[in-house]
Amino acid sequence: MNYISTRNSGKKTSFEHVFLKGLSEEGGLFIPEKLKKFDYKELKELSKLDYRNLAFHIIKLFTGNFLDEKNLKNLIDKSYSNFREENVVKISKFNHNHILELYHGPTLAFKDIAMQLIGNFYEYYLQKNNKKISIIVATSGDTGAAAIDAIRGKKNINIFVLHPHNKISSVQRKLMTTTRDANVYNLAIEGNFDDCQNLVKSMFSDITFANSINMSGVNSINWARIVAQTVYYFYSYFQIGKQNISFSVPTGNFGDVYAGYIAKKMGLPISKLIVATNQNDILHRAISKGDYKSSKVQETISPSMDIQVASNFERLLYDLYDKNCEKVKNIMNSIKDNSFKIDQDKLKDLQIDFVSESLNENEIITTIKKFYEENKIVIDPHTAIGVGAVEKLNLSDVVILSTAHPCKFPVAIEKAISKIEKLPESLNYVNDKEEKFDVISNDLEKVKDYVLRSI
Ligand SMILES: *Cc1c(COP(=O)(O)O)cnc(C)c1O
């Protein structure tokens, strides 16, 4: 499979390059030149597979000669052997909808599903090619923990994680900062998540710096993450065994829901993709009204979605604007000056696949409470946004992605149902161990300096 960038469709590149570089030289995002589309018969065959085999059959379409089939199979097995569910995810039914629990990996959020695989891809590649890299990643809370768990202790890799200081939950922070491995560095940036993301983007686009440390990224723009995430759309659709299923996706950076869109483009007959946001609702405004204007990021009880500029949206814009790179470049510039509006005809196209809703803080708390009273299931604030969006839109036959374990957000849970959600026993240790992180101002030079001094 060849890859191109949203800002340069003339230059073809390989999975290896896409995986290691993350962002194209022009600042665009990588996408496959062409996607495989499964027909009815092929889908029927895929529907018989268990999670790992299904993952193998989907992921192998994207990895080209990065690794052979035997190694891919092994790495998938290795990645999912430390999940608490044999088939990685768990599906439960309530009323006319379903909850898809994606948080049974080591750091209790859906991000483990892609990240464990990526960690093993890196290890395989670096060992084979005798190379060393530095991963730098921004996190709104869950990416960092998932990335650290996937990378810690691995040879030839250092990982630097930038999180917004005092703006993530203490469980989220402890899952990152209690790691003792010498290849892990935690940076608490005095700013918000968008600041952290901008710092990482700036380091990437400084080619001299990026090359000098062999910089690589695992943020949700990393194509391998998207691919790993398409698997559970297929798997849950097949398990439920019904037609016209929709998915409700708690959305921040538009990575997870974009994976659903890719599954749909690959032939999975998904009805609608519901983009569910918190009060940082730029994507809701964009999808419902065409209004893609960012405002200041507000801190909410669903911190992993406290984002204004959703990086992966560029990939969708590329499709929407007829794969026209010049147009995409212009749009990305107008997004920078906050003057972009989606044209009416394009908005109609967008709404064929997507609908959206947003929940404010009160609605999130009420949804957690109501869901607990009706179903005796505790959902985390992010999942509650997915549930609440479906309720507001009055839809049925929806799979709601449950993106994190409720114990990661004890304050919100206690507020909603006066119950303390405990960590699974295997993770209790984070409460006793000493934390290690460095507070750094929102200053590109200071961050670069820190990285250079550390490696
Ligand atoms: C990262 C995250 C999200 C948002 O996912 P995106 O791919 O950024 O849209 C939602 N919920 C939780 C718990 C997360 O960690």
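Residues numbered from 1 in each chain as written. Predicted model: local features only at pLDDT ≥ 70, side-chain atom pairs only at ≥ 80, totals over all residues. Heavy atoms only, no water.

A. Looking closely at the packing of aromatic side chains. Going through the model one piece at a time under the given rule, you end up with 31 aromatic pairs. Taking the centre distance of 6.3 Å and the plane angle of 55° together, the rings of tyrosine 3 and phenylalanine 15 count as tilted. Here tyrosine 3, found in strand S1 (residues 3–5), pairs with phenylalanine 15, found in helix H1 (residues 15–21); they are 12 residues apart in sequence, far enough to count as distant. Across the pair, exposure class does not vary: tyrosine 3 and phenylalanine 15 are buried alike. Seen from their ring centres, tyrosine 258 and tyrosine 261 are 5.6 Å apart, and the 35° between their planes marks the pair as tilted. A residue pair is termed a helical-turn pair when its members lie 3 or 4 positions apart in one helix, as tyrosine 258 and tyrosine 261 do in helix H11 (residues 255–265) at three residues. The ring of phenylalanine 56 is capped by lysine 73, whose NZ or CZ atom sits 4.4 Å from the centre of that ring. Above the ring of tyrosine 372, the side-chain terminus of lysine 376 is found at 4.9 Å from the ring centroid. (Phe/Tyr/Trp six-rings, centres within 6.5 Å; stacked < 30°, edge-to-face > 60°. Helix = DSSP H or I, 4+ residues; strand = E, 2+ residues; numbered from the N terminus. Buried < 20%, exposed > 50% of the residue type's maximum accessible area, 1.4 Å probe, protein only. Lys NZ or Arg CZ within 6 Å of the ring centre and 35° of its normal.)

B. Structural view of the packing of helix H5 (residues 111–129) against helix H6 (residues 142–151). Where H5 contacts H6, the axes come no closer than 8 Å and their chain directions differ by 35°. Two packed elements cross with a definite hand, and for H5 against H6 that hand is right-handed. Across the interface between the two elements, Lys111, Asp112, Met115, Gln116, Gly119 and Tyr122 from H5 touch Asp142, Thr143, Ala146, Ala147, Asp149, Ala150 and Ile151 from H6. Residues that form the contact of H5 with H6 fall into these classes: six nonpolar, three polar and four charged. (Axes fitted to C-alpha atoms, helices over the stretch in contact; angles between N-to-C directions. Left-handed = near helix turned anticlockwise from the far one by under 90°. Contact = heavy atoms within 4.5 Å. Nonpolar A, V, L, I, M, F, W, Y, C, P; charged D, E, K, R; others polar.)

C. Highlighting the pattern of salt bridges. For the structure on display, the rule yields 31 salt bridges. With a closest N to O distance of 4.0 Å, glutamate 25 and lysine 11 form a salt bridge. Highlighted residues: glutamate 25 in the loop between H1 and strand S3 (30–32) and lysine 11 in strand S2 (residues 8–13), separated in sequence by 14 residues. When its relative accessible area of 45% is taken as the criterion, lysine 11 is described as partly exposed. (Salt bridge = Lys/Arg side-chain N within 4 Å of Asp/Glu carboxyl O.)

D. Local environment of the site of the ligand. Lys111, Asp142, Gly252, Asn253 and Asp256 are the nearest of the 15 residues found near the ligand. A distance of 2.8 Å separates an oxygen atom of the ligand from a polar atom in the backbone of glycine 252. Between the ligand and the protein, one listed contact pairs a nitrogen atom with a side-chain N or O atom of threonine 403 at 2.9 Å. Protein chains shield 98% of the accessible area of the ligand, which is 380 Å² for the free molecule. Of the residues in the shell around the ligand, the class split is five nonpolar, seven polar and three charged. (Near = heavy atom within 4 Å. Polar contact = N/O pair within 3.5 Å; in protein donor to acceptor, adjacent residues only side chain to side chain. Areas by Shrake-Rupley, 256 points an atom, 1.4 Å probe, with all protein chains shown as cover.)

E. Representation of the environment of glycine 191 within the structure. You can see glycine 191 is positioned in the loop between strand S8 (184–190) and helix H8 (193–205). Given a relative accessible area of 13%, glycine 191 falls into the buried group. Residues glycine 191 and isoleucine 440, 249 residues apart in the sequence, show an inter-C-alpha distance of 9.4 Å. The residues touching glycine 191, leaving out its near neighbours within four places in the chain, are Pro164, His165 and Lys167.

F. Geometry of the sheet that holds S2. As summarised here, the arrangement of the three strands in space is S2-S1-S3, forming an open sheet in which the pairing is antiparallel. Strand pairing shows two members of the sheet lacking a second neighbour, S2 and S3, which therefore form its edges. On average, adjacent strands in this sheet sit at an angle of 40° to one another, irrespective of strand direction. Note: S1 against S2, two bridges, orientation antiparallel. When the sheet's bridge partners are listed, serine 5 is paired in S2 with asparagine 8. Packed on one face of the sheet, helix H13 (residues 313–320) meets S1, S2 and S3 and runs near 50° to S3. (Pairing = 2+ DSSP bridges.)

G. Fine view of the environment of tyrosine 372. Tracing the backbone through its elements, the reader meets tyrosine 372 in helix H16 (residues 361–375). Along the backbone, tyrosine 372 and isoleucine 417 are 45 residues apart, and their C-alpha atoms lie at a distance of 7.7 Å. Apart from the residues lying within four places of it in its own chain, the contact partners of tyrosine 372 are Ile377, Val378, Ile417 and Lys419.

H. Fine view of the sheet that holds strand S7 (residues 157–164). Reading across from one edge, S9-S6-S7-S8-S14 is the order of the five strands in this open sheet, with parallel pairing throughout. Of all strands in the sheet, those bounded by a partner on one side alone are strand S9 (215–216) and strand S14 (438–441). Pairing analysis gives six bridges linking S7 to S8, with the strands arranged parallel. Across the sheet, the residue bridging to leucine 162 is leucine 187, located in S8. Contacts from H5 reach strand S6 (133–138), S7 and S9, with the element oriented near 160° to S6.

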